[in-house]
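Given next are the chains, with one letter for each unit.
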Amino acid sequence: MKMSKRIIPAFISFVILCALAPIDAQASEIPSRFEFRGSGYGHGVGMSQIGAYGQALEGRTASEIVSYYYPGTSVAVVEDSQFVRVNIADKVTAVSFSVEGITGIAAPMRIYSGDLPPEVPASEPAVAEIGGGSELNFSSLSGTMIATAIDGTTKVATALPASQIFTIRWSGTAVYPGETNLVKMRQGSVIRKYKYGQIQVRFLPPVTPAIQGSIIATTTLRIHGEYLRGIGEVPSSWPSAALEAQAIAARSFAIVKSNTYRKGCDCNLYSSVQDQNFVGYSKESEPVYGQRWVDAVSATEPEPGKGLAVTYNGKVISTFYASSTGGTTQDVSEVWGTAIAYLVPVPDPWSLDPTINPSFSSWTRQVSQSDFAKAFGLPDVVRYEITARTKAGGVKAIVATSSSGKSAELTGEVFRSRVKLPSTWISRSVNRVAADGADELAVAVSRNIWPSAKSAVLVNFQKDPASALVGVAYGNKRQFPVLNLSSSGLSAVTLKELARRKITSVILIGNSKALPGKSAITKARLSQRRLTGRSEIEVSEKVFAELQGAPLVLISSEREQMFVDAARILAANRPIVWSRDYEPSSNLSSMLALRGGESIFYGQVSEFRFPTRIVITRSQLAAFIGSGWQSPILIADGSELEQAQNLITSYPNIASITVVDKELELKPFQELN
């Protein structure tokens, strides 16, 4: 906004009176958060699991699905009786094991000193046998591993002979005939059960005196009939063809990994999504559907010791896969840098179908300024630019720039990993918010903002807009959502949103007459704080006293213009203080003096530096509440399409267009370049 000639002299007097010091103009240009919209989940290389699900629903077989996602490959019968060593607890300080019978009383599990080869009888007797109800504990202490057996009845602890590694075996496995038992591994509150193979517990000695050392637990079992039954990658309720496609891909991945031992994890495979999600017996024992997964694995095992795998030129391949994509799978060379003939883009429209991919056909995420800057190793980030996209439309390269002008670049995959976005398919979406009234609008605006907030700000947008503006700025600084209330209390819509967020503490900001009584908030079972006054000036000064940073000063006599310009004012990300014309109160003058006199007049606020969206509406109330998005607001008057196009040209990284109207057509905005 430009200052009129009428305002300039008065503003100069105001500056002198308050002894305002010069400020860094960049301070108002640093976004408090970044919003991203996109689709898909995961790296997008190879088979799309949602795509496999969609194709199975359309009647394709497992072999057809796998061959589609790995072009030029074949599905063949291969040897799959190899052992794999799977890391099930990585560098922990404590882990415990116990045994239970599937039916009847469990036979004791046997504990051996050393790393025994799988399915080979032990040459030395067990150092301990631990029956049902008892527990075997391992902990790192003073640079060594302590192994202790806890008797289930007497609770007496017996130390096992010292060893750097132990092997655990139990009944029902190849070298321990008998009724089928399970071993339970407990790490903190997490319990996993294992039916096949054997378990090794290894101690990693400390590398410095300050480190206690750590423990790695692994399980060694065969791929055929054992390891694959514990793969927990997709729901067992899916169609058989999709489950079988997953089993084929998982087998191929495991066979390739079985050829490489990784010293860092004492394993061939991690049990996490770092390799494949291996959950042990809990997969096949799932109520109702567990047997479906077992049947799917068995259907891909045509004969003992052999199973179906994906091959290329006669060799089993690394079958990378991911949950879903942005509509096309990725070329592996654009994600990890090395071209592979069968990991190339193929269409994946099923991932964009909300009926089969409700969570990730589209998504919205907020990234805080601190997390964004940390990802790039910068002190702050004022803007970013997507400098390259992959053939599939994902982000290939992204550059961030700090307030000092320093830039840093990341690949799309590294970027999404560091800021925890579901995928690199970041897009500009067009969506509709069909909210009725201030309560619904405020909920819609704050819906995805600060999801882990422990408190919320409550303001009266309709009856006290001047204080509401102060409250929204306060919420932005404190990272709290801002919701609406009336003088009579909270609506059901607002209470529902507070309950969804599990928020039980609220801060009321506004003119005392525009807010409900304390009893109305207490009745809603909410603890409350109040920053109130008889005018927006008094309210804003109380709020300012609780915040850090130089304020943005608004002039009461210009309030109508302030409301029109609310989004740009809030985008400055400063505390807001109202003043009566150009004569600040003695209270404000004192606070400014204590803080070094820094302040900025609203006319000095720059244009949007980094808007995340465009908001289009015909409602002045919606425009005002929507200013909380800190992005341009367009009042629909026939020129909004042209204005939106101009904004997209000026700000190519705008993530979304939000239409706050039930009747405006979305399609014209979807077609904007």
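Residues numbered from 1 in each chain as written. Predicted model: local features only at pLDDT ≥ 70, side-chain atom pairs only at ≥ 80, totals over all residues. Heavy atoms only, no water.

## Thoughts on the overall build of the chain
Check the secondary structure of the chain and you find 20 helices and 35 strands. Along the first, second and third principal axes, the C-alpha atoms of the chain reach 95 × 60 × 45 Å. Expressed as a percentage of the 673 residues in the chain, the buried residues total 54%. Of all intrachain contacts in the chain linking residues separated by at least 6 positions in sequence, the fraction that spans at least 24 positions is 70%. Total accessible area computed for the chain in this model is approximately 28800 Å², and 52% of it derives from carbon and sulfur atoms. Each charge sign in the chain was given a centre, from 66 positive and 58 negative side chains, and these centres are 5 Å apart. (Helix = DSSP H or I, 4+ residues; strand = E, 2+ residues; numbered from the N terminus. Buried < 20%, exposed > 50% of the residue type's maximum accessible area, 1.4 Å probe, protein only. Contact = heavy atoms within 4.5 Å. Areas by Shrake-Rupley, 256 points an atom, 1.4 Å probe, with all protein chains shown as cover. Lys, Arg positive; Asp, Glu negative; His and termini not counted. Charge placed at Lys NZ, Arg CZ, Asp CG, Glu CD.)

## Points about the confidence of the model for the chain
On average, residues of the chain carry a pLDDT of 89, and 95% of them reach 70 or more. Here residues 1–28 scores under 50 on pLDDT; set against residues more than four positions off or in separate chains, the count is 53 contacts. (pLDDT = per-residue confidence, 0-100.)

## A word on the pattern of salt bridges
Under the criterion given, the structure shown has 32 salt bridges. A salt bridge links E301 to R251; its shortest N-O distance comes to 3.8 Å. Of this pair, E301 sits in the loop between α6 (290–299) and β17 (306–312) while R251 sits in helix α4 (residues 240–257), and the two are 50 residues apart along the sequence. The partner of K396 in a salt bridge is E334, with the nearest N and O atoms 3.8 Å apart. Placement of K396 in strand β22 (residues 395–401) and of E334 in helix α7 (residues 332–335) is noted, with a sequence separation of 62 residues between them. Residue classification places K396 among the partly exposed positions, given a relative accessible area of 35%. Put simply, R85, D115, R202 and D266 are held in one network by salt bridges that share partners. (Salt bridge = Lys/Arg side-chain N within 4 Å of Asp/Glu carboxyl O.)

## Observations regarding the sheet that holds strand β30 (residues 552–555)
With parallel pairing, the 3 strands of this open sheet are ordered in space as β31-β30-β32. The open sheet has two edge strands, β31 (576–579) and β32 (600–601), and neither has a second partner. Of the pairings in the sheet, the one linking β30 to β31 comprises 4 bridges and is parallel in character. In the sheet register, I555 faces β31, and the bridge partner there is S579. Sheet contacts for helix α11 (residues 465–478): β30 and β31; angle to β31, the most-contacted strand, approximately 155°. (Pairing = 2+ DSSP bridges. Axes fitted to C-alpha atoms, helices over the stretch in contact; angles between N-to-C directions.)

## Points about the sheet that holds strand β18 (residues 315–316)
The antiparallel open sheet is built from 3 strands, whose spatial order is β3-β17-β18. Every other strand in the sheet has two partners, leaving β3 (74–79) and β18 as the edge strands with one partner each. Both β3 and β17 contribute to a ladder of 6 bridges, which runs antiparallel. Following the sheet pairing, V78 is matched in β17 by G307. Set on the sheet, α4 makes contact with β3, β17 and β18; between it and β17 the angle comes to about 80°.

## Some details on the packing of aromatic side chains
Under the defined criterion, the tally for this structure stands at 23 aromatic pairs. Ring centres 5.7 Å apart and planes at 70° place the aromatic pair F372 and F415 in the edge-to-face group. Here the residue F372 occupies a position in helix α8 (residues 369–376), and F415 occupies one in helix α9 (residues 412–418), the gap between them amounting to 43 residues. No difference in accessibility class separates F372 from F415, as the two residues are buried. Ring centres of F461 and F624 lie 6.0 Å apart, and the angle between their planes is 80°; this geometry places the pair in the edge-to-face category. Residue F461 is located in the loop between β26 (455–459) and α11, and its partner F624 is located in helix α18 (residues 620–626); the two are separated by 163 residues in the primary sequence. Taken individually, F461 and F624 each receive the classification buried, so the pair is uniform in this respect. An aromatic cluster is built from F34, F36, F372, F376, Y384 and F415, whose rings are joined through pairwise contacts. Above the face of the Y112 ring, R169 is positioned so that its terminal group lies 5.8 Å from the ring centre. Here the basic side chain of K283 rests over the ring of W293, its NZ or CZ set 5.5 Å away from the ring centre. (Phe/Tyr/Trp six-rings, centres within 6.5 Å; stacked < 30°, edge-to-face > 60°. Lys NZ or Arg CZ within 6 Å of the ring centre and 35° of its normal.)

## Quick word on the state of the cysteines
Evaluated as defined, the whole model comprises 1 disulfide. Here C265 pairs with C267 through a disulfide, and the sulfurs are 1.9 Å apart. Linking C265 and C267, the disulfide has an S-S dihedral of approximately -85° and is accordingly described as left-handed. Since its relative accessible area comes to 0%, C267 is described here as buried. (Disulfide = S-S within 2.5 Å.)

## Comments concerning the pairing of strand β29 (residues 527–533)
By the bridge criterion, 7 bridges tie strand β28 (residues 505–511) to β29 in an arrangement that is parallel. Bridge assignment links I509 to a residue of β29, and that residue is L531. On the question of chirality, the crossover connecting β28 to the parallel β29 by way of helix α13 (residues 518–523) is right-handed. (Right-handed = clockwise from strand over helix to strand, strands pointing away.)

## Considerations on α8
Regarding α8, the residues found buried are Q369, F372, A373, A375 and F376. Along α8, the residues classed as buried sweep out an arc of 155° about the axis, all on the same side. Exposed residues pointing more than 90 degrees away from the buried face of α8 are listed as S370 and K374. Looking at the buried positions of α8, the neighbouring elements they touch are β1 (33–38), β20 (363–368), β21 (383–389), β22, β23 (407–411) and α9. Trailing α8 by a residue or two, G377 shows a phi angle of about 70°, which is positive. (Arc of directions from axis to C-beta.)

## A look at empty space enclosed by the protein
This structure, assessed with the given rule, holds 4 cavities of 30 Å³ or more. In this structure, the second largest cavity occupies an estimated 110 Å³ of space. In terms of lining residues, the second largest cavity is bounded by 14 residues, among which V445, S446, V472, V482 and G628 are the most central. Of all the secondary-structure elements, those providing two or more residues to the lining of the second largest cavity are α10 (437–446) and α11. Class assignment of the residues belonging to the lining of the second largest cavity gives a composition of 10 nonpolar, 4 polar and no charged. (1 Å grid on protein atoms, 1.4 Å probe; cavity = no way out; pocket = protein on both sides within 12 Å on 5 of 7 lines; lining within 4 Å. Points joined across faces, edges and corners; volume = space filled by probe spheres on them. Nonpolar A, V, L, I, M, F, W, Y, C, P; charged D, E, K, R; others polar.)

## Re the nonpolar core
One finds Y70, F97, M109, F138, I168 and Y227 to be the most contacted residues of the largest nonpolar core, which totals 78 residues. If one sorts the elements of this core by residue count, α4 sits on top with 11 residues. Among residues more than four places away in sequence, those in contact with I168 are F97, M109, R110, I111, L136, F138, Q198, I199 and V201. Residues A473, Y474, V543 and L547 belong to the second largest nonpolar core, which totals 49 residues. (Core = buried A, V, L, I, M, F, W, Y, C linked by side-chain atoms within 4.5 Å.)

## Quick notes on unusual backbone geometry
Unusually for a residue other than glycine, Q479 sits at a positive phi of about 60°. One can find Q479 in the loop between α11 and β27 (482–484). You can call Q479 partly exposed: its relative accessible area is 38%. Backbone geometry places Q630, a non-glycine residue, at a positive phi of 60°.

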